[in-house]
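# Analysis of the macromolecular model
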Amino acid sequence: MCGITGYIGRQDAAPYLLGALKKLEYRGYDSSGLALLHDGELIVRKAKGRISVLEERLMSEQLPFMANIGIAHTRWATHGEPSDLNSHPHTDSEGRIAVVHNGIIENYLDLKKWLQARDVVFASDTDTEVIAHLLNYYYKAREGKFFEAVLDALARLEGSYAIAILCTDYPDRIIAARKDSPLIIGLGEGENFLASDAPAFIQYTREALFLNDGELVVLYNDHVDLFTNTGEKLLRDTTHIEWDAESAEKGGYPHFMLKEIHEQPKALNDTYKKFDEIKLNDWLKGDGSPIERIIITACGTAWHAAMVGKRAFEALARIPVDVEIASEFRYGNPVIKSGDRVIVISQSGETADTLAAMRLAKEKQLPILAITNVLGSTLAREAISNGGSVIYTLAGPEIAVASTKAFTTQLMCLYLLAIKLGVLNKTISDSDYSTYRNELAQIPEKAALLLKQQEVIQKFAALQFNKDKVFFMGRQFDYAVSLEAALKLKEISYTHSESFAAGELKHGPIALVDTRTLVVAIATQRPLFEKLVSNIKEVAARGAATLLITFANKGKTNYDEVADSVFIIPDTIDTFSPMLSIIPAQLFAYYCSIQKGNDPDKPRNLAKSVTVE
Ligand code: M6R
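Residues numbered from 1 in each chain as written. Predicted model: local features only at pLDDT ≥ 70, side-chain atom pairs only at ≥ 80, totals over all residues. Heavy atoms only, no water.

### Here's the deal with empty space enclosed by the protein
Counting across every chain of the model gives 2 cavities of 30 Å³ or more. By volume, the largest cavity amounts to about 190 Å³. What lines the largest cavity is a set of 22 residues, and nearest its centre among them are Ser196, Asp197, Ser348, Glu350 and Val374. Class assignment for the residues of the lining of the largest cavity results in 9 nonpolar, 6 polar and 7 charged. No fewer than three residues from each of domain 1 (3-241) and domain 2 (253-451) sit in the lining of the largest cavity. Quantified by volume, the second largest cavity comes out at close to 60 Å³. (1 Å grid on protein atoms, 1.4 Å probe; cavity = no way out; pocket = protein on both sides within 12 Å on 5 of 7 lines; lining within 4 Å. Points joined across faces, edges and corners; volume = space filled by probe spheres on them. Nonpolar A, V, L, I, M, F, W, Y, C, P; charged D, E, K, R; others polar. Domains from an automatic or database assignment.)

Okay, structure coming up:
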């Protein structure tokens, strides 16, 4: 939900800012802008549309100077439609202060009235503009003390923010602050950076300083100072970011999404290999009582991973699992018992609802295990500071808005954890454990094999992309996968797609099936295969086109008689099939999106990281 960045140093700030915005574009892409500080003046340029529009505007203008300090923003609109005026940066009426902001100022209407009563005239419909005017107000009240004015203004804000501020009277510094929105500082040699996410600056430095909520940082070109929001100085160790710069590039693929789909074998392998190094003792021990129930909470794709995880924990460790959408869990009043454990899953580790769900779990004193892809994310840091544990998926940066490799690596972690708990619970024997481990170790190779059949799906998508409705159906593990498959398709192809537990079809959804419908049946649970065959027949009889995703047939059924098209995935234990069966669905969504002329990396109305409610 919006990306912010900033640069201070000796180089030309504008090219860095534009490059960084492109790396952050996945966070929002309806408008963008930057502010440079040069010769005591703010130069602000903003444009509705993709970052390329801003870039073209700057190129055609050819700024006749080089500014060494600047801030920039890429927007996902919350308050005010996407437009030049509503784009960030926002400035005060005197053009002295410029602000970029990621988050939502919840009390902005009260603040706006308060400022209007003091004759402030607003130029935009955004919540962010109040910050610029508030800063101006306190700047004057504090007789030109920039830092103190920022502290005063922040104290008035309610809601979430990561902000960066420039002031013409202080051309040697950027002040930035965070509350409930991510902000990372990149520490270079004679230059420093700030950004919502590390890929913005890892090309220049991998030394990072992570801000906590309620902290403030002043960046100069040769050092940075960290403070609490009451002005006390803080010391913090830096973190070395392992991700290399190339992993945040497309590397020859036309889109990040396709690249990330193809990175799954490596991501799965890396995640598998690192798992044994993870220390889970605190979470396993909990309050000392054995694990009686696991509650898993997450949003979107991570919630679908949780749905697979539920089946895995129940099948392999015989532990009951409740799965709760984080935005529901956070406002519920969960019944908690001793012996409960919580798992919170989030690729970004910054999803507002998921963080709130974790904080509720903490309030209820539940032992927390976070599964996340981002080192130093709020989820990871808060889980650890609350005595919890963290499992990192080693998927590398996931840039495309539609999550792919994060999902399969989350599954790998959940399966590894499920068999570990199975051994502890004595629900699986040591020899079964070895069999499962061996099978999990082979999943990356099988995923690579499956990806070699990409063209089959590409051709299928070319024939089917124009269907009015696409329904995915399955049972048990396959139902969980079909939820994720339907989400992928609707996110990037804008086709109406839904997922059904196959047995539910006849209880209502089948009324929607007609000749303009494609039904994709995922059937990897061998004991339930014949049930799925009947369900396919039922929808085919109502005119639907059908695709079956399953394992190779061992000779009993003629697949050609079951469905119009069949996609075979490499063989594995039924329980582990979701890590493979989702891949053709990811490819199908990708190619439908391409066929429709959409940008699969940046689907309309969405953003990668949902850091607001
Ligand atoms: O970063 P998170 O895993 O917490 O994100 C959760 C959802 O916002 C995310 O999975 C979203 O549904 C994706 N766009 C799915 O492709």
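That shown, we press on.
### Thoughts on the pattern of salt bridges
Going through the model one piece at a time under the given rule, you end up with 36 salt bridges. Note that aspartate 152 is salt-bridged to arginine 142, the shortest N-O span being 2.7 Å. One end of the pair, aspartate 152, is in helix H5 (residues 146-156); the other, arginine 142, is in the loop between helix H4 (129-141) and H5, and 10 residues separate them in sequence. Judged by relative accessible area, which is 35%, arginine 142 ranks as partly exposed. (Salt bridge = Lys/Arg side-chain N within 4 Å of Asp/Glu carboxyl O. Helix = DSSP H or I, 4+ residues; strand = E, 2+ residues; numbered from the N terminus. Buried < 20%, exposed > 50% of the residue type's maximum accessible area, 1.4 Å probe, protein only.)

### Things to note about the domain arrangement of the chain
For the chain, the assigned domains read domain 1 (3-241), domain 2 (253-451) and domain 3 (453-601). Distance between the C-alpha centres of domain 2 and domain 3: 25 Å. With 36 residues of domain 2 in contact, the opposing surface of domain 3 contributes 33 residues. Both sides of the domain 2 and domain 3 interface together cover about 3,200 Å² of buried area, and 72% of this is carbon and sulfur. Viewed at the interface, domain 3 and domain 2 are joined by 0 salt bridges. Counting across the interface, domain 2 meets domain 3 through 16 residue pairs in polar contact (both at pLDDT 80 or more). (Contact = heavy atoms within 4.5 Å. Buried area = accessible area lost by both parts, 1.4 Å probe. Polar contact = N/O pair within 3.5 Å; in protein donor to acceptor, adjacent residues only side chain to side chain.)

### Quick notes on the nonpolar core
If you look at the biggest cluster of nonpolar residues, it comprises 90 residues, and the most contacted ones within it are Ile294, Phe313, Ile343, Leu421 and Phe588. Each of two domains, domain 2 (253-451) and domain 3 (453-601), supplies a minimum of three residues to this core. (Core = buried A, V, L, I, M, F, W, Y, C linked by side-chain atoms within 4.5 Å.)

### Quick word on the site of the ligand
In the neighbourhood of the ligand, 15 residues make up the surrounding shell, with Ser346, Gln347, Ser348, Thr351 and Glu491 lying closest. Glutamine 347 places a main-chain nitrogen or oxygen 2.7 Å from an oxygen atom of the ligand. In the model, an oxygen atom of the ligand is placed 2.4 Å from a nitrogen or oxygen of the threonine 351 side chain. In the complex, the protein chains occlude 91% of the 410 Å² of accessible area that the ligand would expose alone. Classifying every residue of the shell around the ligand by side-chain character gives 6 nonpolar, 7 polar and 2 charged. The two domains that each donate at least three residues to the shell around the ligand are domain 2 (253-451) and domain 3 (453-601). (Near = heavy atom within 4 Å. Areas by Shrake-Rupley, 256 points an atom, 1.4 Å probe, with all protein chains shown as cover.)

### A word on the side chain of asparagine 373
Tracing the chain through its elements places asparagine 373 in the loop between strand E19 (368-372) and helix H12 (378-385). In terms of polar contacts, asparagine 373 uses its side chain to reach the backbone amide nitrogen of alanine 395, at 3.2 Å. When neighbours within four sequence positions are excluded, asparagine 373 is seen to be in contact with Trp243, Ser346, Gln347, Tyr392, Thr393, Leu394, Ala395, Gly396 and Glu398.

### Some details on the environment of tyrosine 590
Considering the arrangement of structural elements, one finds tyrosine 590 in helix H18 (residues 578-595). Along the primary structure tyrosine 590 and serine 493 are separated by 97 residues, whereas in three dimensions their C-alpha atoms are 7.6 Å apart. Discounting chain neighbours no more than four positions away, the residues touching tyrosine 590 are Pro254, His255, Met257, Leu258, Ile261, Ile492 and Pro600.

### A word on H12
Given 3.6 residues per helical turn, the α-helix brings residues three or four places apart onto the same face. Within H12, the full set of buried residues consists of Thr378, Leu379, Ala380, Glu382 and Ala383. Here the buried face of H12 lies against strand E8 (174-179), strand E18 (340-346), helix H11 (352-363), E19 and strand E20 (389-392). Glycine 387, located one to two residues past H12, shows a positive phi value of around 80°.

### Looking at the packing of H4 against H5
Look at H4 against H5: their axes get within 8 Å of each other, and the N-to-C directions meet at 130°. By the angle between their axes, H4 is oblique relative to H5. Handedness of the H4/H5 crossing: right-handed. Between H4 and H5, the contacting residues are Leu134, Leu135, Tyr138 and Tyr139 on the first element and Phe146, Ala149, Val150, Asp152, Ala153 and Arg156 on the second. (Axes fitted to C-alpha atoms, helices over the stretch in contact; angles between N-to-C directions. Parallel < 35°, antiparallel > 145°, perpendicular 65-115°, else oblique. Left-handed = near helix turned anticlockwise from the far one by under 90°.)

### Examining helix H1 (residues 13-24)
Given a rise of 1.5 Å per residue, 12 residues ought to cover 16 Å, and the 16 Å separating the end C-alpha atoms of H1 matches this to within 8%. A large share of H1 lies buried, amounting to 9 of its 12 residues. Turning to H1, its buried residues are Ala13, Ala14, Tyr16, Leu17, Leu18, Ala20, Leu21, Lys23 and Leu24. (Expected span 1.5 Å × (residues − 1).)

### A short note on the sheet that holds E20
Strands sit in the order E17-E16-E18-E19-E20 across an open sheet of 5 strands; the sheet is parallel. This sheet does not close on itself; its edge strands, each paired only once, are strand E17 (321-325) and E20. Strand after strand, the sheet turns through a mean of 20° between neighbouring axes, direction not considered. Contacting strand E16 (293-298), E18 and E19, H11 crosses the sheet at an angle of about 165° to E18. (Pairing = 2+ DSSP bridges.)

### With respect to the packing of helix H7 (residues 264-274) against helix H14 (residues 430-451)
Packed helix pairs are specified by the crossing angle of their axes together with the interaxial distance, meaning the distance between the axes. Packing of H7 against H14 leaves a shortest axis separation of 8 Å and a crossing angle of 165°. As judged from the angle between their axes, H7 and H14 are roughly antiparallel. Both H7 and H14 take part in a crossing whose hand is left-handed. Counting all contacts with H7, which are made through Pro265, Leu268, Asn269 and Tyr272, the residues of H14 involved are Arg437, Leu440, Ala441, Ile443, Pro444, Ala447, Ala448 and Leu451. Here the residues of the contact of H7 with H14 are counted per class, giving 10 nonpolar, 1 polar and 1 charged.

### A look at the side chain of threonine 168
Position of threonine 168 relative to the elements: it lies in the loop between strand E7 (159-167) and E8. Under the relative-accessibility criterion, threonine 168 is labelled buried at 12%. Not counting chain neighbours up to four residues away, the residues in contact with threonine 168 comprise Leu37, Gly40, Glu41, Leu42, Gly95 and Arg96.

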